[in-house]
Amino acid sequence: MKVNGDVAALDVEPWVSLLDALRERLGVTGPKKGCDQGACGACTVLADGVRINSCLALAVQYDGQEITTIEGVDHPLQEAFVRNDGLQCGYCTSGQICSAIGMLAEHAAGMPSAAGGSGALTEDEVRERMSGNLCRCGAYNGIVDAIMEVAR
Amino acid sequence: MKPFAYVKPADVEAALHAAATEPGAKFLGGGTNLVDLMREGIEQPQTVVDVTGLPFDTVEDLPDGGLRIGALVRNSALAADPRVRDRYPVLSQALLSGASGQLRNMATVGGNLLQRTRCLYFYDTTSACNKREPGSGCDALDGFNRSCAILGVSDSCIATHPSDMCVALAALDAVVEVRGTGGTRRVPVTDLHRLPGDTPEIETDLAPGELITAVELPPAPADSRYRKVRDRASYAFALVSVAAALEVSDGTVTLARLALGGIAPKPWRAREAERLLTGGPADEAAFRRAAEAELAAASVRDGNAFKTSLATATIVATLRELSQEGAVR
């Protein structure tokens, strides 16, 4: 697979998750292991541009795909998170930013949401669309502000 | 995770062959449920047959006005499909109310149909659970059973089916296409899942090695809607959910379809309520009578007794919304 633009040749057992392959085999430790059961979103990466939970992904299923982690991201969201206090401890931040990048692309492509629709991105929309990323510090207001700033 | 062999067949015949010949084989779709269960040791397949390379990832119009949905269509893609949004809003809404953006991007239609319960005692391998370990008992019966089922339950299991999508499919009279080495058969989605009885470990009508390849929807009802009640506003399983379609003519209900989630071991088609609604007045009193009749058979525990009134109120609210908005033709 390609990881952050570089070809990574990996020989992994089929039971190795994408998250473990990135962190333990390739030393790409930006994606975090929070719950390891798809409940927190700290492991969020982009696979061919689509946000996924890398903890529930078997690495073998992503053979040949292009994986982007926070290490491969150069996006206005990063500075916006700093400016808007979108973090406290920072553990969830790499997943939040990868998720937000995927989310903005989904919204731009017309993906609807349970918050009402695919129109302008409102704060309610951001909260609904980002609900798969938990922040135990409770920096949600800053996270929403950062995303809204970049979306505008 | 217990080690397993992994195969990724290039065509459906190879997939069915692998499932029939490899010992302890299990199909893998998006992985959002199976990988989690394997990590917890609840599922321990010897061979995983990854079916995501099979060509079942399209949504196609049917000649009769219905829709054919490939089993490998991702939940997010199905929710966003303009035909689903326009003609089957209940299905798009149900999908969007489930899980998170990341999980919907991974999860497949076939996997969603076959996802297993989220009952706390099923997941906790130190607890008694007849579904996980037949004959071991059920710690949910007198345990923390707030999320458990009230209809279709037995003394051996009160776990709920967790899917939102399946509740919408039940209301829409969807038909599931199943392939095995012996050929193809079609199962109404309302017959796919079984009630627990004495064998809660047997959850579906599928024979070992059978693969879900598609879901077909008949032509859509006039208007439909999904309403979900849960402990937080997003990213939580349903306490109660309602999928409904309603057609009203001159104040009389001409078509009623109702299915419930979060309250039963399978997506619960509320046929008694539908029978009472059809031909009757489209008013709140009639909606309430129908809801109460459906819930009359409820068997509650200490922690989930609230679900009877919550389900009744949610049914009434959903039907009221439908009767007031656009359903009158």
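Residues numbered from 1 in each chain as written. Chains lettered and ligands numbered in written order. Predicted model: local features only at pLDDT ≥ 70, side-chain atom pairs only at ≥ 80, totals over all residues. Heavy atoms only, no water.

Colleague: Would you mind showing me how to read the interface of chain A and chain B here?
Modeller: Many analyses report the size of an interface as the accessible area lost when the parts associate. With 33 residues of chain A at the contact, the number on the chain B side is 30 residues. Of the roughly 2,600 Å² buried between chain A and chain B, counting both surfaces, carbon and sulfur atoms make up 55%. Of all residues in chain A, W15, L56 and Q61 of chain A bury the most surface against chain B, accounting for 26% of the area lost on that side. Counting the contacts that link chain A with chain B gives one salt bridge. Linking R39 of chain B and D36 of chain A is a salt bridge whose minimum nitrogen-to-oxygen distance equals 3.4 Å. Where chain A meets chain B, there are 12 residue pairs in polar contact (both at pLDDT 80 or more). For the side of chain A that touches chain B, the leading source of residues is strand β4 (residues 50–53) of chain A, giving four residues. (Contact = heavy atoms within 4.5 Å. Buried area = accessible area lost by both parts, 1.4 Å probe. Salt bridge = Lys/Arg side-chain N within 4 Å of Asp/Glu carboxyl O. Polar contact = N/O pair within 3.5 Å; in protein donor to acceptor, adjacent residues only side chain to side chain. Helix = DSSP H or I, 4+ residues; strand = E, 2+ residues; numbered from the N terminus.)

Colleague: What am I meant to see in helix α1 (residues 18–25) of chain A here?
Modeller: An α-helical turn contains 3.6 residues, so a residue and the one three or four places further along point in the same direction. All names here are of chain A. Taken together, the buried positions of α1 are occupied by L18, L19, A21 and L22. Its buried side turned inward, α1 meets β1 (2–3), β3 (44–47), β4 and β5 (66–68). Taken from the residues just after α1, G27 is the one with a positive phi, measuring 70°. (Buried < 20%, exposed > 50% of the residue type's maximum accessible area, 1.4 Å probe, protein only.)

Colleague: So what exactly am I meant to see when it comes to the sheet that holds β1 of chain A here?
Modeller: Adjacent strands of a sheet form backbone hydrogen bonds with each other and so pair up, either parallel or antiparallel. Residues and elements named next belong to chain A. The mixed open sheet is built from five strands, whose spatial order is β2-β1-β5-β3-β4. Either end of the sheet is taken by a strand with one partner, and the two such strands are β2 (6–7) and β4. As judged from the two bridges shared by β1 and β5, these two strands associate in the parallel manner. Bridge pairing links K2 to E66 in β5. On the sheet, helix α3 (residues 93–108) packs against β3, β4 and β5 and is oriented at approximately 40° with respect to β3. (Pairing = 2+ DSSP bridges. Axes fitted to C-alpha atoms, helices over the stretch in contact; angles between N-to-C directions.)

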